[in-house]
Amino acid sequence: MIALPWSDASDDQLDIKRSETILNRDHEGLESVKERILEYLAVRQMTNSLRGPILCLDGPPGVGKTSLARSIAESLGRTFVRISLGGVRDESEIRGHRRTYVGAMPGRIIQGMKKAGKVNPVFLLDEIDKMSNDFRGDPSAAMLEVLDPEQNSTFSDHYIEEPYDLSNVLFIATSNDLGSIPGPLRDRMEVISIPGYTEIEKQAIAKNHLIPKQLKEHGLTKSQVRINDEAIKNIVRYYTREAGVRGLEREIARICRRAAKQIVTGEKKSVTVSAKTLETLLGKKKHSYGQAEKKNQIGVATGLAYTTVGGDTLQIEVSLSPGKGKLILTGKLGDVMKESAQTALSYVRSKAEEFKIDPEFHEKSDIHIHVPEGAVPKDGPSAGVTIATALVSSLTKRPIRREVGMTGEITLRGRVLPIGGVKEKSLSAHRAGLTTIILPEANERDIEDIPESVRSELTFKLVSDAEEVLAIALEEASE
Ligand SMILES: Nc1ncnc2c1ncn2[C@@H]1O[C@H](COP(=O)(O)OP(=O)(O)OP(=O)(O)O)[C@@H](O)[C@H]1O
Ligand SMILES: [Mg+2]
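About the thresholds
- Residues numbered from 1 in each chain as written.
- Chains lettered and ligands numbered in written order.
- Predicted model: local features only at pLDDT ≥ 70, side-chain atom pairs only at ≥ 80, totals over all residues.
- Heavy atoms only, no water.
- Helix = DSSP H or I, 4+ residues; strand = E, 2+ residues; numbered from the N terminus.
- Areas by Shrake-Rupley, 256 points an atom, 1.4 Å probe, with all protein chains shown as cover.
- Lys, Arg positive; Asp, Glu negative; His and termini not counted.
- Charge placed at Lys NZ, Arg CZ, Asp CG, Glu CD.
- Near = heavy atom within 4 Å.
- Polar contact = N/O pair within 3.5 Å; in protein donor to acceptor, adjacent residues only side chain to side chain.
- Nonpolar A, V, L, I, M, F, W, Y, C, P; charged D, E, K, R; others polar.
- Domains from an automatic or database assignment.
- Pairing = 2+ DSSP bridges.
- Axes fitted to C-alpha atoms, helices over the stretch in contact; angles between N-to-C directions.
- Contact = heavy atoms within 4.5 Å.
- Parallel < 35°, antiparallel > 145°, perpendicular 65-115°, else oblique.
- Left-handed = near helix turned anticlockwise from the far one by under 90°.
- 1 Å grid on protein atoms, 1.4 Å probe; cavity = no way out; pocket = protein on both sides within 12 Å on 5 of 7 lines; lining within 4 Å.
- Points joined across faces, edges and corners; volume = space filled by probe spheres on them.
- Phe/Tyr/Trp six-rings, centres within 6.5 Å; stacked < 30°, edge-to-face > 60°.
- Buried < 20%, exposed > 50% of the residue type's maximum accessible area, 1.4 Å probe, protein only.
- Lys NZ or Arg CZ within 6 Å of the ring centre and 35° of its normal.
- Core = buried A, V, L, I, M, F, W, Y, C linked by side-chain atoms within 4.5 Å.

Asks: Can you walk me through the overall build of the chain in this structure?
Replies: A count of helical and extended segments in the chain gives 17 helices and 18 strands. When the backbone C-alpha atoms are referred to their principal axes, the chain occupies close to 85 × 60 × 45 Å. Surface exposure of the chain reaches about 22900 Å², of which carbon and sulfur atoms provide 48%. Charge-centre separation for the chain: the mean point of 67 positive side chains lies 7 Å from the mean point of 69 negative side chains.

The structure is reproduced here in structure tokens:
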């Protein structure tokens, strides 16, 4: 029998003040997230039990989901275990194999409990959204049993045969994409969303957390390696492009490694990193900041996209060539995005006369729509207005204002429908140096979720019809 904890429990320290101190010590910002975690723990303290809905921390990579869970464990004085559910397709990975099976093993839950060594760990179920199912059974059904407080005191693993009590475990799940969690599972969870950081937040995280942490890991002291504020800002701008801070942490680690080498070889006594010396340590800039085009272009519109790694800007290019009306779509577009390109084209055709476009254009030219970067898969309906704008621009030769970013689904009649991820999209637009954002009218209330420091530097234009989009985004026609 494997060595499982059957009764050994850590003493709970349900003390909200202490939890607050630990959460604040390890995490910069995230005020509303921490607040919700504390409320959750407060309810547990009041009811004197950790039963209740499962917490699910949802957000793009590197925003601190795992690290928040770790802090929760520490603040409760419990041990911490983590299993990854990414790629789990088979019920037996959760519930184990019968021992008659060659190479039988207990499932991941029981393995996690063995690692924890206590009956009441904080148990992190990482990437719960990446579970899938196939013919070998649905792992999410087994997960339902794990997470259900009514059933999990007698969890059955095929390998250990006896029912095992999971009711003292505090489960916390993480996901990148809530939409792919099966409904019944999602209903069991209290979701806390972490949207991604602004540039200013990233700088503060680097300064107060990532740099001290990496210095320590590399055995360096504050006086040996100094990274000034300007340098931090440039690392964020030119060496990372992400919603979270994982890449930022990696670049800081790189600086520490190089500095450590210079110090050990006696080349230098201490290293001061400024904006000027950054390139000598990190090499050439990897990204351009303020990606906005240098001048207004014909046939290139900037869309705002929302992916599981956060928001991003997306250039949509349209070019026309003599031909017979073929529509060519490239750039790894998903089915929904392809359909939305067709919808945008049909809309533009139906309005050709109004837009002063040759009504026969689609019979005389091939239309090529490309969305770089070509290797990254893209999907979703929210590029509709962007495609329509790029199309009209290239057909009328009216340039598109370079400071404008846009997002919205389009219908055949040109109505603009609401989209998701407004906050993330706005952060990325700001990152890219755009100043005017076109949003569907129905998304108006999402604007208040955008952090003030970013909101105040953007002008939002709410639209309900594609013609309004064109009026804002296109330069006047030169008669
Ligand atoms: N607000 C913050 N304050 C301080 N450090 C942070 C903050 N957010 C993230 N970090 C640090 O960034 C790193 C990445 O965070 P973490 O591993 O928790 O991300 P994650 O959200 O779990 O990502 P993934 O989805 O890829 O698992 C960690 O070193 C973490 O401590
Ligand atoms: Mg993680």
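Asks: Which parts of the structure should I look at to understand the site of ligand 1?
Replies: Close to ligand 1 lie 20 residues, the nearest being Gly62, Lys65, Thr66, Lys213 and Arg246. The contact in question runs from a nitrogen atom of ligand 1 to an N or O atom on the backbone of Val63, over 3.3 Å. One of the side-chain nitrogen or oxygen atoms of Arg246 is found 2.7 Å away from an oxygen atom of ligand 1. Compared with its free state, where it exposes 640 Å², ligand 1 has 87% of that area covered by protein. Elements represented by at least two residues in the shell around ligand 1 include exactly α3 (65–76), α8 (199–217) and α10 (246–264). Among the elements that make up the shell around ligand 1, the one with the highest residue count is α8 (4 residues). Of the residues that constitute the shell around ligand 1, the class distribution is 7 nonpolar, 7 polar and 6 charged. Built from parts of two domains, the shell around ligand 1 gets at least three residues from each of domain 1 (16–193) and domain 2 (199–282).

Asks: Teacher, can you tell me more about the sheet that holds strand β13 (residues 365–370) here?
Replies: Strand pairing in a sheet relies on backbone hydrogen bonds. The paired strands run either parallel or antiparallel. Spatially, 7 strands are ordered β12-β13-β11-β10-β14-β17-β18 in an open sheet, and the strand pairing comes out mixed. Either end of the sheet is taken by a strand with one partner, and the two such strands are β12 (327–330) and β18 (459–463). The average undirected angle you get between the axes of adjacent strands in this sheet is 30 degrees. Bridge count for strand β10 (residues 300–307) against strand β11 (residues 310–322) is 8 bridges, and the pairing is antiparallel. Within β11, the residue paired with Ala301 across the bridge is Ile316. In this fold helix α17 (residues 466–473) packs onto β14 (404–406), β17 (436–440) and β18, with an angle of close to 150 degrees to the strand it touches most, β18.

Asks: How do you make sense of the packing of helix α2 (residues 31–46) against α3 when you look at a structure like this?
Replies: Packed helix pairs are specified by the crossing angle of their axes together with the interaxial distance, meaning the distance between the axes. The geometry of α2 relative to α3 is characterised by a closest axis approach of 12 Å and an angle of 40 degrees between their N-to-C directions. The angle between the axes of α2 and α3 places the two elements in the oblique class. For the pair α2 and α3, the sense of crossing is right-handed. Between α2 and α3, the residues in contact are Val33, Ile37 and Leu41 and Leu68, Ile72, Ser75 and Leu76, respectively. In terms of residue class, the contact of α2 with α3 is made up of 6 nonpolar, 1 polar and no charged.

Asks: Please explain the layout of surface pockets as it appears in this structure.
Replies: Empty space among the atoms can be located by rolling a probe the size of a water molecule over them. Its volume calculated, the second largest pocket comes out at about 860 Å³. Considering the residues around the second largest pocket, the lining is formed by 34 residues, among which His27, Gly64, Thr66, Ser67 and Lys213 are closest to the centre. Taken together, the elements giving at least two residues each to the lining of the second largest pocket come down to α1 (16–26), α3, β2 (80–84), β6 (170–175), α8 and α10. Among the elements that take part in the lining of the second largest pocket, α3 stands out by supplying 7 residues, more than any other. Taken together, the residues of the lining of the second largest pocket break down into 9 nonpolar, 10 polar and 15 charged. Each of domain 1 (16–193) and domain 2 (199–282) gives at least three residues to the lining of the second largest pocket.

Asks: Would you mind showing me how to read the packing of aromatic side chains here?
Replies: Ring pairs (aromatic) are described by centroid distance and by the angle formed between their planes. All told, the structure shown has 3 aromatic pairs when counted by the stated rule. Aromatic pair Phe123 and Phe171: ring centres 5.3 Å apart, planes at 45 degrees, arrangement tilted. One end of the pair, Phe123, is in strand β3 (residues 122–126); the other, Phe171, is in strand β6, and 48 residues separate them in sequence. Of the two residues, Phe123 and Phe171, neither departs from the other in class, the shared state being buried. Between Tyr347 and Phe355 the ring centres are 6.1 Å apart and the planes differ by 65 degrees, which places this aromatic pair in the edge-to-face class. Judged by relative accessible area, which is 1%, Tyr347 ranks as buried. If you follow Arg99 out to its NZ or CZ, it ends over the ring of Tyr159, 4.9 Å from the centre. Here the guanidinium or amino end of Lys285 rests over the ring plane of Tyr238, the centre of that ring lying 4.4 Å away.

Asks: Even after reading the chapter, I still don't get the nonpolar core, so can you show me in this structure?
Replies: Looking at soluble globular proteins, one finds that nonpolar side chains tend to be buried together. Core analysis: the biggest nonpolar cluster contains 49 residues, and Ile72, Ile172 and Ile227 have the highest contact counts within it. Of the residues forming this core, the biggest block, 7 residues, is contributed by α10. Inspection of this core shows a minimum of three residues originating in each of domain 1 (16–193) and domain 2 (199–282). Not counting the four nearest positions on each side in its chain, Ile172 is found in contact with Ile54, Leu55, Leu57, Ala69, Ile72, Val122, Phe123, Leu124 and Leu125. By size, the runner-up hydrophobic cluster in this structure holds 39 residues, among which are Ala352, Val371, Ala388 and Val463.

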